[in-house]
Amino acid sequence: EGQNVEAHNISDDERTLRITTISNRFDARYDDNKTGGYRDLSLGVEVGWTMREGEVAFEKVRDWDDLHVQRHICEIQVHL
């Protein structure tokens, strides 16, 4: 939890989301007694968007401040 991650294949100029948190409960070091054996990977991602002609347009992170975008943090869960 709380690890920093870099997107290696996407340039900073092209990113449309920002990873805010990572909880890797698949990691062998994770104490699954806390969750009754349950394991998953949970990512918190922040997205920013504007409305254009009645449609949502996801904006690049670099433009968020200039465009005064709406922001939302979403959770993506991976279960195996």
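The rules behind these values
- Residues numbered from 1 in each chain as written.
- Predicted model: local features only at pLDDT ≥ 70, side-chain atom pairs only at ≥ 80, totals over all residues.
- Heavy atoms only, no water.
- Helix = DSSP H or I, 4+ residues; strand = E, 2+ residues; numbered from the N terminus.
- Buried < 20%, exposed > 50% of the residue type's maximum accessible area, 1.4 Å probe, protein only.
- Areas by Shrake-Rupley, 256 points an atom, 1.4 Å probe, with all protein chains shown as cover.
- pLDDT = per-residue confidence, 0-100.
- Contact = heavy atoms within 4.5 Å.

Participant: Just to check I follow, could you spell out the overall build of the protein chain for this structure?
Facilitator: Broken down by element type, the protein chain carries one helix and four strands. Ordered by position in the sequence, the α and β elements of the protein chain form the string β-β-β-α-β. Out of the 80 residues belonging to the protein chain, those deemed buried represent 22%. Accessible surface computed for the protein chain: about 6200 Å², of which carbon and sulfur atoms make up 46%.

Participant: Looking at this structure, I do not really get the environment of Met51. What am I missing?
Facilitator: Relative to the assigned elements, Met51 resides in strand S2 (residues 41–52). Residues Met51 and Gln70, 19 residues apart in the sequence, show an inter-C-alpha distance of 9.1 Å.

Participant: Whenever I open this one, the confidence of the model for the protein chain confuses me. Can you help?
Facilitator: Close reading of the predicted structure is inappropriate where its pLDDT is low. In the predicted model, the protein chain carries a mean pLDDT of 88, and the fraction of residues at 70 or more is 89%. At the level of individual helices and strands, the protein chain shows its lowest average pLDDT in helix H1 (residues 64–67), which scores 93, and its highest in strand S4 (residues 70–78), which scores 96.

Participant: I keep staring at the side chain of Glu46 and nothing clicks. Help me out?
Facilitator: Assignment of secondary structure puts Glu46 in strand S2. Each residue touching Glu46, except ones within four places of it in the same chain, is listed here: Thr16, Leu17, Arg18, Thr20, Trp64, Arg71, His72 and Ile73.

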